[in-house]
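The lines below spell out each chain.
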Amino acid sequence: MERLDKVLSNLGYGTRKEIKVLARSGEVEVDGKVIKDSSFQVDPEKAVIKVSGETIAYRKYIYLMMNKPDGVVSATFDNRDETVIDLLEPEYQTFEPFPVGRLDKDTVGLLLITNDGDLNHKLISPKWHVDKVYYAEIDKPVDESDIKAFEAGVELDDGYKCMPARLEIINSSEHGAEVYVTIQEGKFHQVKRMFNSVNKNVVYLKRIKFGALSLDSNLQEGESRELSNEELILLKQI
Ligand code: URA
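Here is what the cut-offs are and how they apply
- Per chain, the residues get numbers from 1 upward, laid out in the order the sequence is written.
- In keeping with the predicted nature of the model, local features appear solely for residues at pLDDT of at least 70, side-chain atom pairs appear and are counted solely at 80 or more, and the whole-chain, interface and lining totals rest on all residues.
- Here the side-chain values reflect all heavy atoms present in the structure, with hydrogen atoms and water set aside.
- Proximity criterion: a residue is near a molecule or strand once any of its heavy atoms comes within 4 Å of it.
- Counted as a polar contact is a pair of N or O atoms within 3.5 Å, where, for protein atoms, one must be capable of donating a hydrogen and the other of accepting one, and residues adjacent in sequence contribute only when both atoms are in side chains.
- All accessible-area figures derive from a Shrake-Rupley calculation using a 1.4 Å probe, and residue coverage is judged against the displayed protein chains alone.
- For helices the rule is a DSSP run of H or I covering at least 4 residues; for strands it is a run of E covering at least 2, with both sets numbered from the N terminus onward.
- Under this grouping Gly is polar, as are all residues other than the nonpolar Ala, Val, Leu, Ile, Met, Phe, Trp, Tyr, Cys and Pro and the charged Asp, Glu, Lys and Arg.
- The domain boundaries here were taken from an automatic or database domain assignment.
- A strand pair is defined by DSSP finding two or more bridges across the two strands.
- Exposed residues in this analysis have more than 50% of their type's maximum accessible area, buried residues have under 20%, and partly exposed residues fall in between, with area computed by a 1.4 Å probe over protein chains only.
- The contact criterion used throughout is that any non-hydrogen atoms of two residues lie within 4.5 Å.
- Remark: nonpolar core denotes a set of buried residues (Ala, Val, Leu, Ile, Met, Phe, Trp, Tyr, Cys) joined through side-chain atoms within 4.5 Å.
- The term salt bridge refers to a pairing of a side-chain nitrogen on Lys or Arg with a carboxyl oxygen on Asp or Glu at a separation within 4 Å.

A. Highlighting the site of the ligand. All residues in the neighbourhood of the ligand are listed as Leu103, Asp104, Thr107, Tyr134, His189, Gln190, Val191, Lys192 and Leu205. Residue threonine 107 places a side-chain N or O atom 2.9 Å away from an oxygen atom belonging to the ligand. Here lysine 192 contributes a backbone N or O atom positioned 3.1 Å from an oxygen atom of the ligand. When the free accessible area of the ligand is taken as 240 Å², the share hidden by the protein chains comes to 96%. It is helix α6 (residues 190-196) that provides the largest number of residues to the shell around the ligand, a total of three residues. The class makeup of the residues in the shell around the ligand is four nonpolar, three polar and two charged. Mapping the shell around the ligand onto the domain boundaries places at least three of its residues in each of domain 2 (63-126 + 213-236) and domain 3 (131-210).

As structure tokens, this is what we get:
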């Protein structure tokens, strides 16, 4: 059971003080009864709560897909930089969500944001083999020997041997290459460091898939939206 004002304020209906006023004025109903006391205890999973005649859509967890822009950090708080959470609508921020894993400040693309700690844990554990697909631009040509090296598992600068990764060349010339890279781990700067280990540099990095989810091409950089039920089911089926 939770206090009615807490439930409503978490859903973005105002501060507790504002909700007190709202309830006093008879605008709040629980299971068909007007509740004037905003400290009233409710089970938000079961009760039908209405505010000004409209039933509220209660949910404990939110699941968002963001098209992360360049220049913001994948954290909930940062002293210097804007965070991905700063970019969310206040109605989502009230859920106190956090990013699932991290993308570098200069990496763009698909970032999941949720307040579901269990799902987060599962998705970031390499044990579950969640494929993450990146589109990358490389400063030098990429060839078959790189594909083989990635397949075998490259060794990073700190001696860590990566799990096998899939490298697909979209095009390659003496000016550089465009590739897709699929990895299941999420070590710090992993894709960049994998290319460094074959003496190349990533100049642009965008995540386009996370597990069964693809980045919604309608999302502009910096925008996010809630996952559909189908997407959530796909994500949880790992
Ligand atoms: N690999 C990187 O190097 N950076 C990212 O942001 C994600 C994967």
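B. Region of the structure containing the pairing of strand β11 (residues 166-173). Sheet analysis places β11 next to strand β12 (residues 176-183), joined by seven bridges and oriented antiparallel. Opposite arginine 166, over in β12, you have threonine 182 as the bridge partner. Taking the residues between adjacent antiparallel strands as the criterion, β11 and β12 are bridged by two residues.

C. Structural detail: unusual backbone geometry. The residue glutamate 96 is not glycine, and still its phi comes out positive at about 55°. Topologically, glutamate 96 is positioned in the loop between α3 (90-93) and β8 (98-99). Residue class for glutamate 96 comes out exposed when judged on its relative accessible area of 65%. Even without being glycine, histidine 129 reaches a positive phi, approximately 55°. Inspection of the secondary structure puts histidine 129 in the loop between α4 (117-124) and β10 (132-138).

D. Focus on the pairing of strand β13 (residues 202-210). Across two bridges, strand β9 (residues 108-114) lies against β13 in parallel orientation. Each residue of the ladder has a partner; that of valine 108, found in β13, is lysine 206. Pairing of β13 with strand β14 (residues 213-214), which is carried by two bridges, proceeds in the antiparallel orientation. If you follow phenylalanine 210 over to β14, its bridge partner there is leucine 213. Two successive antiparallel strands, β13 and β14, enclose a turn made up of two residues, where glycine 211 displays a positive phi of approximately 60°.

E. Layout of the side chain of aspartate 104. Relative to the elements of secondary structure, aspartate 104 occurs in the loop between β8 and β9. Judged by relative accessible area, which is 16%, aspartate 104 ranks as buried. Side-chain polar atoms of aspartate 104 contact the side chain of histidine 189, separated by 2.9 Å. Leaving out residues up to four positions away in the same chain, aspartate 104 has contacts with Lys68, His189 and Lys192.

F. A look at the sheet that holds strand β5 (residues 49-51). Read across the sheet, four strands follow the order β3-β2-β5-β6 without closing on themselves; strand pairing throughout is antiparallel. A strand with exactly one partner marks an edge of an open sheet, and here the two such strands are β3 (33-34) and β6 (54-55). Looking at chain direction, β5 and β6 are connected through two bridges and run antiparallel. Within β6, the position partnered with valine 51 by the bridge is glutamate 54.

G. View of the nonpolar core. Core analysis: the largest hydrophobic core is formed by 47 residues, its most contacted members being Ile49, Phe150, Val179 and Phe195. Here the element with the most residues in this core is β12; it accounts for four residues. Leave out the neighbours within four places in its chain, and valine 179 touches Tyr134, Tyr135, Ala136, Ile138, Val142, Leu167, Glu168, Ile169, Ile170 and Phe195.

H. Summary view of the environment of glutamate 29. Of note, glutamate 29 is situated in strand β2 (residues 28-30). Linking glutamate 29 and serine 52, residues 23 residues apart in sequence, is a C-alpha distance of 8.2 Å.

I. Spatial organisation of the pattern of salt bridges. Here the structure, examined in full by the defined rule, presents 14 salt bridges. Here glutamate 2 ties to lysine 6 by a salt bridge, and the two come within 3.4 Å at their closest N and O atoms. On the basis of relative accessible area, glutamate 2 is assigned to the partly exposed category, the value being 22%. A salt bridge links arginine 193 to aspartate 158; its shortest N-O distance comes to 3.1 Å. Of this pair, arginine 193 sits in helix α6 while aspartate 158 sits in the loop between α5 (144-152) and β11; the two residues are 35 residues apart in sequence, bridging distant segments of the chain.

Keep in mind these numbers describe shape, not what the thing actually does.
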